[in-house]
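Observations on the model geometry
What follows is each chain in one-letter form.
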Amino acid sequence: MRIAVTGKSGQVTSALQALKAPDIQVIAIGRPELDLLAPSMVGETIAKLKPEIVVSSAAYTAVDKAESDEAAAFAINRDGAGAIAAAAAELSIPVIHLSTDYVFDGDKLERYVESDPVGPVSVYGRSKLEGEYAVAAANEKHVILRTAWVYSTFGHNFVKTMLRLAETRDELSVVSDQLGCPTSANDIAEAIVNIAARLSKDSSPDLRGVFHLAGSGETNWAEFARYILSILEEKTGRRVTVRDIATADYPTAAKRPANSRLCCDKLKRLYGVSMPEWQVSTRAVVTKLLEEPKEAV
Ligand SMILES: NC(=O)C1=CN([C@@H]2O[C@H](COP(=O)(O)OP(=O)(O)OC[C@H]3O[C@@H](n4cnc5c(N)ncnc54)[C@H](OP(=O)(O)O)[C@@H]3O)[C@@H](O)[C@H]2O)C=CC1
Ligand SMILES: Cc1cn([C@H]2C[C@H](O)[C@@H](COP(=O)(O)OP(=O)(O)O[C@H]3O[C@@H](C)C(=O)[C@@H](O)[C@H]3O)O2)c(=O)[nH]c1=O
Ligand SMILES: [Mg+2]
């Protein structure tokens, strides 16, 4: 199967490219040939690749920066995503689009299910929500995967930030009052390939729509950091502690949901896809990062 994925160096794109799945060809398309800020050539660029499915992964993901760069965030996350979905529709092929837990306001006390009301509290979250609507409107063959707290050996993410800060500090202060589900980009990539394979041979409407896809279990950012640093200590002997702080003590431009834990039962029910425990995948990524020479990390 030929899968075209948007974004070149992104975490999910890189994980898809690193997958060693037989019969899967991943073609990454991004800047300069495909710039979501100037999507006029999107249709032509994608058609040339002759994909069987399109994964829409490229996005404006700088959550704080988006607060003062709203036009670009919406141009990429709403209009760009819509253009990608439309390009797939032109070819009569499905689009798998990545969205985020930040479409929720965080006030729910339990895990969020797909049918829960949305209410983003940041520009990034609003732009991604508008992207969901644009994708759904442009291509009826759509699967929108809301994922969360993505980390990997690639690109930028919280795991890499914690390991970097731990090089020069003996204690890190991290918020403990935001709950969520850390998700490995490798696990997302595997799930995407399974979903794509099923979608390409089964046009049942039940398989379309919004699905939650996140690592199993749940945690908060401070606990996540503590787990990352426990592996650092185990592997290198370096001990760095984590101090729990409140969101109010870590001011950021963007507001984040206090709870964005995702219930992923729908994906399991309809696709038979479930994700590993977040600790298992975090351990694999941290171990790999610690083994890699510094320049490559
Ligand atoms: N990271 C996270 O924690 C989460 C991410 N998501 C969603 O998952 C998806 C994948 O995220 P992730 O892999 O972490 O993303 P990254 O932040 O790692 O990468 C973003 C990608 O978007 C591309 N991109 C940005 N602007 C443009 C543009 N104007 N034109 C073309 N490409 C552009 C980048 O291109 P280039 O390679 O050229 O830099 C890069 O490949 C996104 O849709 C994101 O919203 C959802 C929940 C959590
Ligand atoms: C670096 C750092 C962060 N924090 C806090 C800030 C924030 O509340 C939380 C996580 O910080 P980050 O900036 O890594 O996370 P953030 O950019 O909010 O991550 C989000 O990215 C987008 C793309 C998504 O879609 C979301 O699912 C989510 O993964 O940790 C600390 O408390 N201490 C620290 O030293
Ligand atoms: Mg960030």
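Bear in mind that the values here come from a model prediction, so they are computed numbers and not experimental data.

1. Describing the UniProt feature "domain: RmlD-like substrate binding" (unreviewed entry) in the protein
- UniProt tags residues 1-289 as "domain: RmlD-like substrate binding" (unreviewed entry).
- End C-alpha to end C-alpha, residues 1-289 measures 30 Å, and it is 40% helix and 17% strand.

2. Considerations on the site of ligand 1
- Taken together, 25 residues surround ligand 1, and among them Ser9, Leu36, Thr61, Tyr124 and Lys128 come closest.
- Within the contact set of ligand 1, an oxygen atom lies 3.1 Å away from a backbone nitrogen or oxygen of Lys8.
- Contact distances for ligand 1 include 2.7 Å between an oxygen atom and a side-chain N or O atom of Lys128.
- The protein chains hide 86% of the 900 Å² of surface that ligand 1 would expose on its own.
- Those elements giving two or more residues to the shell around ligand 1 turn out to be helix 1 (11-18), strand 4 (95-100) and helix 5 (123-138).

3. Observations regarding helix 1
- Here helix 1 lies mainly inside the structure; 6 of its 8 residues are buried.
- Inspection of helix 1 places Gln11, Val12, Thr13, Ser14, Ala15 and Leu16 among the buried residues, and these make up the whole buried set.
- Looking at the buried positions of helix 1, the neighbouring elements they touch are strand 1 (2-6), strand 2 (25-29), strand 3 (53-56), strand 4, strand 6 (150-151) and helix 7 (185-201).

4. Digging into the confidence of the model for the protein
- Mean pLDDT over the protein works out to 97, with 98% of the residues at or above the 70 mark.
- For this predicted complex, the interface score ipTM comes out at 0.99, while the overall pTM is 0.98.

5. What to know about unusual backbone geometry
- Across the junction of Arg31 and Pro32, the peptide omega takes the value 5°, indicating a cis bond.
- With respect to the helices and strands, Pro32 occurs in the loop between strand 2 and helix 2 (42-49).
- Not every positive phi belongs to a glycine, and Trp149 is a case in point at roughly 45°.

Definitions and limits used
- Residues numbered from 1 in each chain as written.
- Chains lettered and ligands numbered in written order.
- Predicted model: local features only at pLDDT ≥ 70, side-chain atom pairs only at ≥ 80, totals over all residues.
- Heavy atoms only, no water.
- UniProt positions renumbered as here; feature names shortened; annotations may be inferred.
- Helix = DSSP H or I, 4+ residues; strand = E, 2+ residues; numbered from the N terminus.
- Near = heavy atom within 4 Å.
- Polar contact = N/O pair within 3.5 Å; in protein donor to acceptor, adjacent residues only side chain to side chain.
- Areas by Shrake-Rupley, 256 points an atom, 1.4 Å probe, with all protein chains shown as cover.
- Buried < 20%, exposed > 50% of the residue type's maximum accessible area, 1.4 Å probe, protein only.
- Contact = heavy atoms within 4.5 Å.
- pLDDT = per-residue confidence, 0-100.

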